[in-house]
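# Structural features, examined
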Amino acid sequence: MKCVDDFRLKFGNTELVPIVIGGMGVDISSAELALEAARLGGIGHISDAMVPTVSDRRFNTDFVKEKAKLYKYNVANTDKSTVIFDLGRLAEATHMHVGQTMEAKRGDGLIFINCMEKLSMNAPRDTLRVRLSAALDAGIDGITLSAGLHLGSFALIEDHPRFRDAKLGIIVSSLRALQLFLRKNARLDRLPDYIVVEGPLAGGHLGFGLDWAKYDLHVIVAEIVQYLRAEHLDIPLIAAGGIFTGSDAVSFLESGAAAVQVATRFTVTREAGLPDKVKQEYFRASEQDIEVNNISPTGYPMRMLRSSPAIGAGIRPNCEAYGYLLDGNGNCAYITAYNREVALHPNEKKVSVMDKTCLCTHMRNFDCWTCGHYAYRLKDTSRLLDDGSYGLLSAEHVFRDYQFSTDNRIALPV
Ligand SMILES: Cc1cc2nc3c(=O)[nH]c(=O)nc-3n(C[C@H](O)[C@H](O)[C@H](O)COP(=O)(O)O)c2cc1C
């Protein structure tokens, strides 16, 4: 019976344990978690979501305070078009977050950064270019392009000295999205170094509609493997979404995937950035407690625990401090929804907004409890303690369980 350790992910001469811990914003896939994956010979991701905010927490900087102070005059204004990011400060924050993580790296594995196109930050091209370039400047091993089609993202960094040496990959949920990406980037003569194929059972935003249950990761992977073979494209494919045991992973490695990307099982590790209280919510979740809804202002469906405080909270948009989801014209679907509720209930001090959420604020505060479909099985991965809580796991324990387990077994902590 094979286990994940019988396979290797090959990038040129580099051989890695074929386990990638996926990016989890905002700082759930912390530097500590990514560093463990790299130390153990796999790949870890840090996230580029809200990096100035993350930097303030990690390094005691004042990026958010400064921005909020600068735009304080605009807080009551419904027009957010003037609220922009200082590109120099954005680069500085990214340098710190990436640079200090890379300095701490030990072992043979790699550290990538997950970069979401949907974080349009009121200036989509300029802010994305700065985030990508600063991460490369600071020595990141690779960049995973996610949450968007990224049709123009390679071109933003084509002149960067590391454009051809850093590992650059893309997350897709369909063959069509991959073909579009390859076609749009053909003129650059630079293929992605890896393709993450993310199915409908993943955590975070989904590349599917609310009919996600009709899709099957195995089918999508088979289709893309066949396409890559037919086109003679030798690009490692990384399967993601709902891979809960080592045996699940082996089934993908045997059908043409070069590695797997996993996330949900690591949310309850000590190294993950969620507060301990929230980790217990993840452990306790039952299948009925998990839903896919449309409250994210990005327009993508998102999977989360129904008990997430973000659902229905009608807080004032916080774009002066954050503003990561403002499109190029200073709009965000949450602002529209919030203003509608305020207009409908002029005499109420607090409104409830059910259809959208202020994702920046709630992700920042760990109040949007996004998770993969199988989060309800997390309770089977640990032990219930005498005080009624579940024991947190070490990232090493979970990583090694994926690496060595067979027969769909899940090793409990000693
Ligand atoms: C808590 C959580 C947060 C996530 N955040 C992001 C994110 O910010 N960007 C992204 O591209 N994917 C995100 N994901 C998706 C993961 O990177 C990964 O591809 C997917 O969840 C793998 O499936 P699994 O969780 O079933 O193992 C997130 C997943 C989880 C569980």
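Every value quoted in this text rests on a predicted model; they were computed, and no experiment measured them. (Residues numbered from 1 in each chain as written. Predicted model: local features only at pLDDT ≥ 70, side-chain atom pairs only at ≥ 80, totals over all residues.)

### Observations concerning the overall build of the chain
Condition: In this text, helices come from DSSP runs of H or I with a minimum length of four residues, and strands from runs of E with a minimum of two, each type numbered from the N-terminal end. Here the radius of gyration uses the C-alpha set of atoms, whereas the globule reference equals 2.2 Å times the residue count to the power 0.38. To sort residues by exposure, count the other C-beta atoms lying within 10 Å of each residue's C-beta; 20 or more gives buried, 12 or fewer gives exposed, and values between give partly exposed, all with C-beta atoms placed from the backbone.
Looking only at helices and strands, one finds 13 helices and 13 strands in the chain. Taking 2.2 N^0.38 as the reference for a compact globule, 414 residues should give roughly 22 Å; the C-alpha atoms of the chain span a radius of gyration of 21 Å, in line with that estimate. Across the 414 residues that make up the chain, the buried fraction comes to 50%.

### A short note on the packing of helix H1 (residues 31-39) against helix H13 (residues 395-404)
Definition in use: Lines are fitted to the C-alpha atoms to define the axes, a helix being fitted only along its stretch in contact, and any angle between axes, read from their N-to-C directions, falls within 0 to 180 degrees. Put simply, angles under 35 degrees are roughly parallel, angles over 145 are roughly antiparallel, angles from 65 to 115 are roughly perpendicular, and the rest are oblique. Two helices cross in a left-handed way if the nearer one is turned anticlockwise from the farther one by less than a right angle. They cross in a right-handed way if the turn is clockwise. Any residue pair is listed as a contact if its two C-beta atoms, each placed from the backbone, are within 7 Å. Residues are grouped as follows: Ala, Val, Leu, Ile, Met, Phe, Trp, Tyr, Cys and Pro are nonpolar; Asp, Glu, Lys and Arg are charged; every other residue, Gly included, is polar.
Where H1 meets H13, the axes come as close as 10 Å, and the angle between the chain directions of the two elements is 45 degrees. In terms of their interaxial angle, H1 and H13 are classed as oblique. In this structure, H1 meets H13 at a crossing whose hand is right-handed. Contact with H1, carried on its side by Leu 33, Glu 36 and Ala 37, involves Ala 395, Glu 396 and Phe 399 of H13 and no other residues of that element. By residue class, the composition of the contact of H1 with H13 is 4 nonpolar, no polar and 2 charged.

### Thoughts on the sheet that holds strand S8 (residues 194-198)
Backbone-to-backbone hydrogen bonds join strands into a sheet, with any given pair of strands oriented parallel or antiparallel. Where we set the bar: We call two strands paired when DSSP finds no fewer than two bridges between them.
Sheet architecture is closed into a barrel: 8 strands sit in the order S3-S4-S5-S6-S7-S8-S10-S11, paired in parallel fashion. Strand after strand, the sheet turns through a mean of 25 degrees between neighbouring axes, direction not considered. Direction of pairing for strand S5 (residues 110-116) relative to strand S6 (residues 142-146): parallel, over a ladder of 5 bridges. From the neighbouring strand, Phe 112 faces S6, where its bridge partner is Gly 142. In the packing of H1 onto the sheet, the strands contacted are strand S3 (19-21), strand S4 (43-47) and S5, and the crossing angle to S4 comes to about 165 degrees.

### As for the sheet that holds strand S12 (residues 290-293)
On the basis of which strands lie adjacent, the open sheet formed by 3 strands has the order S9-S13-S12 and antiparallel pairing. The open sheet is flanked by strand S9 (204-205) and S12, the only strands paired with a single partner.

### Points about the site of the ligand
Defined as follows: Nearness rests on one distance test: the residue's C-beta atom, set from the backbone, must lie within 6 Å of the molecule or strand.
Around the ligand, a shell composed of 30 residues is seen, among which Gly 22, Gly 25, Gly 203, Gly 204 and Gly 372 lie nearest. Of all the elements in the fold, those that place two or more residues in the shell around the ligand are S5 and strand S11 (259-262). Each residue belonging to the shell around the ligand can be placed in one class, and the counts come to 14 nonpolar, 15 polar and 1 charged.

### Remarks on the nonpolar core
Rule in force here: For the purposes of this analysis, a nonpolar core is taken to be any set of buried Ala, Val, Leu, Ile, Met, Phe, Trp, Tyr and Cys residues that are connected through C-beta atoms within 7 Å.
Judged by nonpolar contacts, the single largest core of 128 residues is most densely connected at Val 197, Ile 238, Ala 239, Ala 257 and Val 260. Not counting the four nearest positions on each side in its chain, Ile 238 is found in contact with Val 20, Tyr 194, Ile 195, Val 196, Val 197, Ala 257, Ala 258, Ala 259, Val 260 and Gln 261.

Treat this as a map of the structure, not an account of what it does.
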